[in-house]
Amino acid sequence: MYSDDDLLMLSGIQHFAFCKRQWALIHVEQQWAENVKTTEGNHLHERVDDPMESDKRGKVITYRAFPLISYQLGLIGRADVVELIYTREGGVLLEGHEGRWLLHPVEYKRGKQKPDDRDAVQVCAQAICLEEMFNIEIPNGSLFYGETRRRVNVDFKLELRQTVFEHARRMHELFEKGITPLPVYKSHCKSCSLIDICLPQNLSGKIKASDYLRNELEKDL
Ligand code: SF4
C-alpha cells in the first residue's frame, strides 16, 4: 500500500502504456509540449471537467470529473464520467440517492480507437480506484471517442488488471529513482507530442555506454 506522499497522477498511466519515456519526460522531468492532438483532447475534456456536475436520465445518474484515489496503485486523479446505474441487486448505497447503484467509469478521448491498450488501461485504473473507494467490483467501463462518436465497452479482465498493477508499480520505481528511459524510435513517435523534446531519431543509436547500462538496468525493474 502506498501513502498520500507517494501518489502519482492516474492520467499518467496512459502515457506510460504508450511510451515509458514519454511518461517520464512529463511526470519525472515535468516537460510538456502541446500539439494539436493534446489541445483537441483538452477541449474535449473541458466539457466533462466541471467538478461533480451531475444529471439524471431515467435510471442513470451521470457524475463528471469524479475524484479518484487508490492506495493499492498509488494513483490519484479524476474520471471524466462515472455513471450510477440503478440496480435491484448488488450495487452500493449512495448518500443522497435512494436504492442501490452500479458504478460505471467512462473515459472521453479525442480521435478513434487505438491499436494498443493505453485507453483501456486508463479506464481500468479508474475502476480499480472506485472498487477500492466503495469496496465493490466493477466488471466493465466505457471509452468514448470524439472523432468517431463511438462508445466502446471495456471488460476489466484479469490480464488487463495485472497490466494496470504492473504499470503502476514500474511508474513508482522509475519516479522514485528519477529515471527517464532512453528513446527507442518507433512509428508511434510520429504522433508523440514530445518528439521535439525527446529527439528519438537523434538519440537512438548515439547512446553513451553509461546511459546504455542504465537503460539495461532499468529494464530489470
Ligand atoms: S518521441 Fe517516441 S521515444 Fe520519444 S517520448 Fe515520444 S513516443 Fe517515446
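Scope of this entry: the structure provided in the associated data block. Because the structure is predicted, anything quoted here is derived from the model rather than measured.

### Details of the site of the ligand
Here's step 1: Around the ligand, the surrounding shell consists of Phe 18, Cys 19, Gln 22, Val 184, His 188, Cys 189, Cys 192, Ile 195, Cys 198 and Pro 200.
Here's step 2: For the shell around the ligand, the per-class residue count stands at eight nonpolar, two polar and no charged.

### Focus on the packing of helix 4 (residues 118-134) against helix 5 (residues 158-177)
Here's step 1: Running from N to C, helix 4 and helix 5 point in directions that differ by 85 degrees, and their axes come no closer than 9 Å. Taken as axis vectors, helix 4 and helix 5 run roughly perpendicular relative to one another. The residues of helix 5 that touch helix 4, namely those facing Ala 120, Val 121, Cys 124, Ala 125, Ile 128 and Glu 131, are Leu 160, Arg 161, Thr 163, Val 164, Phe 165 and His 167.
Here's step 2: Residues that form the contact of helix 4 with helix 5 fall into these classes: eight nonpolar, two polar and two charged.

### Observations concerning helix 4
Here's step 1: When the terminal C-alpha atoms of helix 4 are compared, their 25 Å separation across 17 residues agrees well with the 24 Å that a helix rising 1.5 Å per residue should span.
Here's step 2: In terms of burial, helix 4 is a largely internal element, 14 of the 17 residues being buried.
Here's step 3: The positive-phi residue at the C-terminal boundary of helix 4 is Asn 135, with phi of around 55 degrees.

### Some thoughts on the packing of aromatic side chains
Here's step 1: Within this structure, the stated rule accounts for five aromatic pairs.
Here's step 2: Pairing Tyr 63 with Phe 66 gives two aromatic rings, centres 6.0 Å apart and planes at 85 degrees, and the pair type is edge-to-face. Here Tyr 63 matches Phe 66 in class, with each residue buried.
Here's step 3: Look at Tyr 86 and Trp 101: their rings are 5.5 Å apart centre to centre, the planes differ by 80 degrees, and that puts the pair in the edge-to-face class. Residue Tyr 86 is found in strand 4 (residues 75-87), and its partner Trp 101 is found in strand 6 (residues 97-109); the two are separated by 15 residues along the sequence.
Here's step 4: Since its relative accessible area comes to 31%, Tyr 86 is described here as partly exposed.
Here's step 5: Accessibility expressed as a relative area gives 5% for Trp 101, which makes it buried.
Here's step 6: Among the aromatic side chains, those forming a connected cluster through ring pairs are Tyr 63, Phe 66 and Phe 134.

### Here we look at the pattern of salt bridges
Here's step 1: Throughout the structure, instances matching the rule amount to seven salt bridges.
Here's step 2: Lys 114 serves as the salt-bridge partner of Asp 119, at 2.6 Å between the closest nitrogen and oxygen.
Here's step 3: By relative accessible area, Asp 119 is classed as buried at 3%.
Here's step 4: The partner of Arg 118 in a salt bridge is Asp 116, with the nearest N and O atoms 2.9 Å apart.
Here's step 5: For Arg 118, a relative accessible area of 17% gives the class buried.
Here's step 6: Asp 116 sits in the partly exposed class, given a relative accessible area of 34%.
Here's step 7: Each of the salt bridges in this network shares a partner with another, and the network as a whole consists of Glu 166, Arg 169 and Glu 173.

Conventions used here
- Residues numbered from 1 in each chain as written.
- Predicted model: local features only at pLDDT ≥ 70, side-chain atom pairs only at ≥ 80, totals over all residues.
- Heavy atoms only, no water.
- Near = heavy atom within 4 Å.
- Nonpolar A, V, L, I, M, F, W, Y, C, P; charged D, E, K, R; others polar.
- Axes fitted to C-alpha atoms, helices over the stretch in contact; angles between N-to-C directions.
- Helix = DSSP H or I, 4+ residues; strand = E, 2+ residues; numbered from the N terminus.
- Parallel < 35°, antiparallel > 145°, perpendicular 65-115°, else oblique.
- Contact = heavy atoms within 4.5 Å.
- Expected span 1.5 Å × (residues − 1).
- Buried < 20%, exposed > 50% of the residue type's maximum accessible area, 1.4 Å probe, protein only.
- Phe/Tyr/Trp six-rings, centres within 6.5 Å; stacked < 30°, edge-to-face > 60°.
- Salt bridge = Lys/Arg side-chain N within 4 Å of Asp/Glu carboxyl O.

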